[in-house]
Amino acid sequence: PLHNAMTPFFFVNVCGVKRWTIIPNQYLAILQPAAHGLGYNHSDADLEAIDPQRYPGLASIDRMEAVLHPGDVMFMPAWAWH
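Residues numbered from 1 in each chain as written. Predicted model: local features only at pLDDT ≥ 70, side-chain atom pairs only at ≥ 80, totals over all residues. Heavy atoms only, no water.

1. Structural notes on the packing of aromatic side chains
Argument step 1. Tallied over the entire structure, the rule returns 3 aromatic pairs.
Argument step 2. Pairing Phe9 with Trp20 gives two aromatic rings, centres 6.5 Å apart and planes at 45°, and the pair type is tilted. Pair noted here: Phe9 is in strand 2 (residues 9–12) and Trp20 is in strand 3 (residues 18–22), with a separation of 11 residues, a long-range link.
Argument step 3. Exposure remark for Phe9: the relative accessible area of 28% places this residue in the partly exposed category.
Argument step 4. The buried category is assigned to Trp20, whose relative accessible area is 7%.
Argument step 5. Seen from their ring centres, Phe10 and Phe75 are 5.1 Å apart, and the 55° between their planes marks the pair as tilted. In this pair, Phe10 is assigned in strand 2 and Phe75 in strand 6 (residues 73–76), connecting sequence segments 65 residues apart.
Argument step 6. Looking at Phe10, the relative accessible area reads 59%, which means it is exposed.
Argument step 7. With relative accessibility at 44%, the residue Phe75 sits in the partly exposed group.
Argument step 8. Through a chain of ring-to-ring contacts, three or more aromatic side chains come together here, namely Phe9, Phe11 and Trp20.
Argument step 9. Against the face of Trp20 rests Lys18, its NZ or CZ located 5.1 Å from the ring centre. (Phe/Tyr/Trp six-rings, centres within 6.5 Å; stacked < 30°, edge-to-face > 60°. Helix = DSSP H or I, 4+ residues; strand = E, 2+ residues; numbered from the N terminus. Buried < 20%, exposed > 50% of the residue type's maximum accessible area, 1.4 Å probe, protein only. Lys NZ or Arg CZ within 6 Å of the ring centre and 35° of its normal.)

Geometric values such as these leave the question of function open.
Have a look at this one:
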């Protein structure tokens, strides 16, 4: 599921191919994460099968996509949804 965390990190892809979708944190209200008080959030929003009733506006939010191959490194900023 979509999630974010307070800690930025570098992701190093060692083998295989990994597809990422990154969404800026400004869409917090659309993604409607549960308020659990931890250092991360998760959303039940499904980017593959968008429910416009439950997540209005999700189909039109900004998102970036990346495909990592072996040896690629990607920086994930704090609070970026992925």
